[in-house]
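Structure assessment
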Amino acid sequence: MASSSQDQLPWVEELPDEEPRLIFRVPSNPLEYKGSWQDRPIGRNPLDGITLSYYNNSKTMHNSNILQVILRDHGFARVERPGAEWNIFWCAGQVDPCELPLMKPHQRVNKFPKANCLTLKANLWTNYLRMRRRFGADAFDFMPTTFLLPHQLSQLSEHIRASGDDGTDPKAVWIVKPAAAYCGRGISLHRSGPELPQQLLGEGQRGVASRYLDRPFLLDGLKSDIRIYVLVTSWHPLTVYQYGEGLARFATEPYTLDDIQGRCAHLTNYSLNKLSAGFVNDDSEASGSKWSLAAFKQRLLREVGEARASEVWRRVDDIVVKTMIGVESIMVEGMQEYLPSYARGEPNRQCFQVFGFDVMLDSDAKPWLLEVNLDPALKTDSRLDLRVKSGMLVDLLNTIGVPVPPRGSGPAAGGTERPTAQQAASGLPESGGSGPAQPEAEALSQQECEMLRHVNAELRRSKQGGWRRLFP
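Below is a short write-up of the structure.

What counts, and where the lines are drawn
Residues numbered from 1 in each chain as written. Predicted model: local features only at pLDDT ≥ 70, side-chain atom pairs only at ≥ 80, totals over all residues. Heavy atoms only, no water. 1 Å grid on protein atoms, 1.4 Å probe; cavity = no way out; pocket = protein on both sides within 12 Å on 5 of 7 lines; lining within 4 Å. Points joined across faces, edges and corners; volume = space filled by probe spheres on them. Nonpolar A, V, L, I, M, F, W, Y, C, P; charged D, E, K, R; others polar. Helix = DSSP H or I, 4+ residues; strand = E, 2+ residues; numbered from the N terminus. Pairing = 2+ DSSP bridges. Core = buried A, V, L, I, M, F, W, Y, C linked by side-chain atoms within 4.5 Å. Buried < 20%, exposed > 50% of the residue type's maximum accessible area, 1.4 Å probe, protein only. Contact = heavy atoms within 4.5 Å.

Here we take up empty space enclosed by the protein. Space left empty within the atom packing is revealed by a probe, the size of a water molecule, rolled over the atoms. The full count for this structure, using the stated rule, is 5 cavities of 30 Å³ or more. Taken as a whole, the largest cavity holds about 70 Å³ of empty space. Contributing to the lining of the largest cavity are Tyr270, Phe279, Val280, Asn281, Asp282, Lys290, Asp381, Ser382, Leu384 and Asp385. Tallied by class, residues from the lining of the largest cavity come to 4 nonpolar, 2 polar and 4 charged. Elements that contribute at least two residues to the lining of the second largest cavity include exactly α4 (121-135) and α10 (306-338). Of the residues forming the lining of the second largest cavity, the biggest block, 4 residues, is contributed by α4. Here the residues of the lining of the second largest cavity are counted per class, giving 7 nonpolar, 3 polar and 1 charged.

Our next topic: the sheet that holds strand β3 (residues 53-56). Across the sheet, which stays open at both edges, the 4 strands sit in the order β4-β3-β5-β6 with parallel pairing between neighbours. At either margin of the open sheet sits one strand with a lone partner, and together these are β4 (77-79) and β6 (108-109). Two strands pair when backbone bridges link them, and β3 and β4 are joined in this way by 3 bridges, in the parallel orientation. Across the sheet, residue Ser53 finds its bridge partner in β4, namely Ala77.

Formed by 65 residues in total, the largest nonpolar core has its most connected members in Trp235, Phe296, Met324, Phe355, Phe357 and Leu369. With 12 residues, the single largest contributor to this core is α10. Setting aside residues no more than four positions away along its own chain, Leu369 makes contact with Leu124, Phe142, Met143, Pro144, Ile319, Thr323, Phe357, Asp358 and Val359. If you look at the next biggest cluster of nonpolar residues, it comprises 36 residues, including Phe24, Leu52, Leu393 and Trp467.

This is how it looks when you write it as structure tokens:
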């Protein structure tokens, strides 16, 4: 690990009423985690006679490299087959839900089934709109008006007509984002007007069209957004954490609506702006084209004052919680359908997920939700990336509580086989996931006590790092 003093600290935590868990640490100097996982030797395994391993299915090494470096540094070996024994499965993209019933109690996976109800732009808006109609625009007023393409082109046309957009207002702009695209690919801006729906139809646009948020909050004339890391460890009960550190990403050209084709003035995507001549790679964390969230908060405080800055972050918390509540029932249904233990009413221990919330402030410092990312980028191009993302991941592993696996587990052990799909399915309710079985009153009370112990233990662990529980 990072130092001999760390090697003298315990690597396993054993507490009454809790299963023994592994302890993860980040080095004091983030640069110690620089380099490829392939060149990283496997560190000391603190468990005698027990193999630690992980599986990663990412086809782009850079977006999982720091996670693999951390795991290897803590004694985990990589396995190359999805059906092999592993302790942690770091899944890129959607997890195959048919894999979930095959998991053993000590295994952990970083995805929930049906998470695309949050991370696909059309689904996010549909669920937001449903909540807005139910609870009102005063409670749900943090996403810009959006239409699904091409299915809602007629509604877009009617909205433009009702708004009186005749094409003469240069500030009336729509931003079109393709379905399932990322890193700013395919995003375009369009002047509003009666001809816009027909133009989008002719271009064959598929995705969403959202009213562009003009008059953004500018720092030194540049537009920015912030990446918030959000962790969900359970959907029933809903349990949501937010990481204390994050990133602020800046456009690299001065903001103006005179030219809506200037992508580096209007889009804040790092993967786009890092190719701009105006990109500044500065490790000071409070200047350049990417800042730490802490530095952004300090600058916001100076710009708007303590009261308004505090209100900004209260609203951001509100956005995160309300967004998660909006999809809670969908996610619970997915868990009940694919995880036998969850269907029996037991607390979730095996699935967790980190989401990347992208939030932008307008000129009044009001936060708006732009999108929710299924796989927030873990690429570490700078010292700032290394510090923020390694700390976030180490604190994540400690919060979820990676258990000490039973003896005989591991790819070299040969003594344990994963259950077949048929065997795993036998633990699911016959109704196919219509809900957890209803136990006797006494057993239900035991389950509730176990759930409470689990949630409280997780909260205790989170307080040792940077994850702050937002809900409950």
